[in-house]
Amino acid sequence: MISAQPTYVPRLLPLRMPRVCVAVTGSDPAEMVDKAESLARDNPFLEFRLDYLPRPALALAKIKRFLDTHPYVVAIATCRRALSGGKFRGSVVSQLNLLAKASAAGCQLLDVELQTATKCKPQQLQKLRSGAALILSFHDFRATRKLEETLQKMLAYPADFYKIVTTATTLSDNVVMMKFLEKQSDKHSLIGLCMGEQGIISRILGVRAGSVFTFASVSPGEETAPGQVTAQDLRSVYRIEQVDAATRVYGVAGDPVTHSLSPVIMNAALRRENVNGVYLALHAKTLKDLMACVRDIPIHGLSITMPYKEAILRHLDNTDSHTTKIGACNTVVRAQDGKLYGFNTDTAGVVRPLEQRLPLDKAKVLVLGAGGAARAAVFGLKERGAEIWILNRTAGPAQKLARRARARSIKRADLKKLTFDVIINATPVGMGNGRESPLNENEINTRYLFDMIYDPPETRLMKMARERGAQVIPGVEMFVHQAARQFEIWTGKPAPWDEMLRVVTITLQERAAAKNAAKNGTKKR
Ligand code: NAP
């Protein structure tokens, strides 16, 4: 009869186990252990992915030396078989041999997949457990389903930790995983999370639902599972070590949201103002899915982005007057009674940078575009007494907006005759490579040029306006001001504007540098 009692090792382990385990890979043993060396100071919990090595056995002496000289490090040895989603092509016997040697080298935890366990004799698993704690793992690379049933199957094999990793295809899958963890983690030591871009909620909040720890990657590009976040981001952006039952959850919801700057800026603001909150990128394929999460997680505040700024309105209990007029909402607050209120902070994003520079009463403003952002600019500036002209690619929406806002719509041919205090670009022309411009040089007759585009940070329109002597207001200012207003609505605190601008500027510079490096790399090849 095999004992289901944990050995002495796991009894002590949870006391020493941090929340974040960093998965370490390498193309050879030296690279893997060098990485571990450089990680160890800030990351005392590492997983050696032996299956990533062509000859894993050759790494064990190096791992032993590393663990001997870093006694505070807790290490998992994993040699996942290809059949279970890993890279190891050897037999079950050779997998178990390698894990036994990893245990002898000092790894305190060994990961064995359920598929392997089903092929082992109970004594073989028990032997592994005599020197290390056993993590019995199960991965579903397609969906999040049958969690209870899977756990019941796994419990037939005595282990110290049961790890269930699934794939989120909706945001609600995270809720399924977290409810499962909440229910079962009192009875068993569980590690649970969802893979995939949509699994971010469970990667950050799983630990408070009962997952003993979560996994992180060393750096972007070194993920061992889809959707894995870097250890650095888990700690410094999402502050995972501080996430607890009282942590409020906020997020940006849209489709897509992968490249959104909002998590960086909002988490920086929450950290600076000591707000116990975390802000996530929520890739919502449908609003129905998103709204279910708002209720179940619950989510306290949302930034709404494309394509849901208009469609979200019918899910809200009330909206402020700006939002109603503009017909688009970019901010949702969940009140204590669960009711949802909508705001539009794009208006503040346009008005605030301008009123810092010039009096808006009677200012002559040309708005390019007639979409959601243009409407926010038009109504916000009109309220401040500005005179507005609207130019749009398609005449109909410009005329309609002009009628509703008591502004004027104009044709492009009229531009050369007019001068403005401000020209605002509220079209996407100039995004991406930044080479296009919605106006020609001789049409830029203005004191201030405000381009809503922030990526790239300098568009062709901005460059031409500078050359014509106009002062340029970059789109990043709008981005920061609209985000700052959201922060104020959610927290009731003044937003740390300077910190928000600082982190967003750095992030944009880093992205531009990475893009250039990739471009140069491609050219060289
Ligand atoms: P939207 O609702 O889709 O409206 C887009 C507007 O641009 C429409 O008026 C459209 O004209 C026009 N347009 C689109 N493609 C065009 C082209 N190739 N040539 C000329 N006009 C074109 O988008 P939105 O939400 O208003 O956003 C507009 C821009 O503002 C985007 O670049 C967005 O990134 C930016 N924005 C920035 C911030 C910030 O924080 N900095 C916030 C919000 C938005 P038609 O009517 O003819 O289609």
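Residues numbered from 1 in each chain as written. Predicted model: local features only at pLDDT ≥ 70, side-chain atom pairs only at ≥ 80, totals over all residues. Heavy atoms only, no water.

Caption draft 1: Structural detail: the site of the ligand. If you check the shell around the ligand, you find 23 residues, and the closest are Ala373, Asn392, Arg393, Thr394 and Met452. At 2.8 Å, a backbone N or O of Ala370 approaches an oxygen atom of the ligand. In the model, an oxygen atom of the ligand is placed 2.7 Å from a nitrogen or oxygen of the Ala373 main chain. Its free accessible area being 910 Å², the ligand has 72% of it covered by the protein chains. When atoms are counted within 2 Å of each cavity's grid points, the one that captures over half of the ligand is the largest pocket. Those elements that provide at least two residues to the shell around the ligand are α15 (372-383) and α18 (475-491). Considering every element that reaches the shell around the ligand, the biggest residue donor is α18, with four residues. Looking at the shell around the ligand residue by residue, the class counts come to twelve nonpolar, eight polar and three charged. (Near = heavy atom within 4 Å. Polar contact = N/O pair within 3.5 Å; in protein donor to acceptor, adjacent residues only side chain to side chain. Areas by Shrake-Rupley, 256 points an atom, 1.4 Å probe, with all protein chains shown as cover. 1 Å grid on protein atoms, 1.4 Å probe; cavity = no way out; pocket = protein on both sides within 12 Å on 5 of 7 lines; lining within 4 Å. Sits in = over half its atoms within 2 Å of the grid points. Helix = DSSP H or I, 4+ residues; strand = E, 2+ residues; numbered from the N terminus. Nonpolar A, V, L, I, M, F, W, Y, C, P; charged D, E, K, R; others polar.)

Caption draft 2: Region of interest: the sheet that holds strand β12 (residues 318-319). The strand order across the open sheet formed by six strands is β10-β9-β11-β13-β14-β12, and the pairing between neighbours is mixed. Two strands in the sheet have a free side with no partner beyond their single neighbour: β10 (277-283) and β12. When strand β11 (residues 301-304) meets strand β13 (residues 331-334), the two strands line up antiparallel, connected through three bridges. For Gly301, the partnering residue across the bridge sits in β13 and is Val333. Those strands touched by helix α12 (residues 287-296) are β9 (248-254), β10, β11, β13 and β14 (340-343), and its axis lies near 160° from that of β11. Sheet contacts for α18: β9, β10, β11, β13 and β14; angle to β13, the most-contacted strand, approximately 10°. (Pairing = 2+ DSSP bridges. Contact = heavy atoms within 4.5 Å. Axes fitted to C-alpha atoms, helices over the stretch in contact; angles between N-to-C directions.)

Nothing here speaks to function; it is all geometry.
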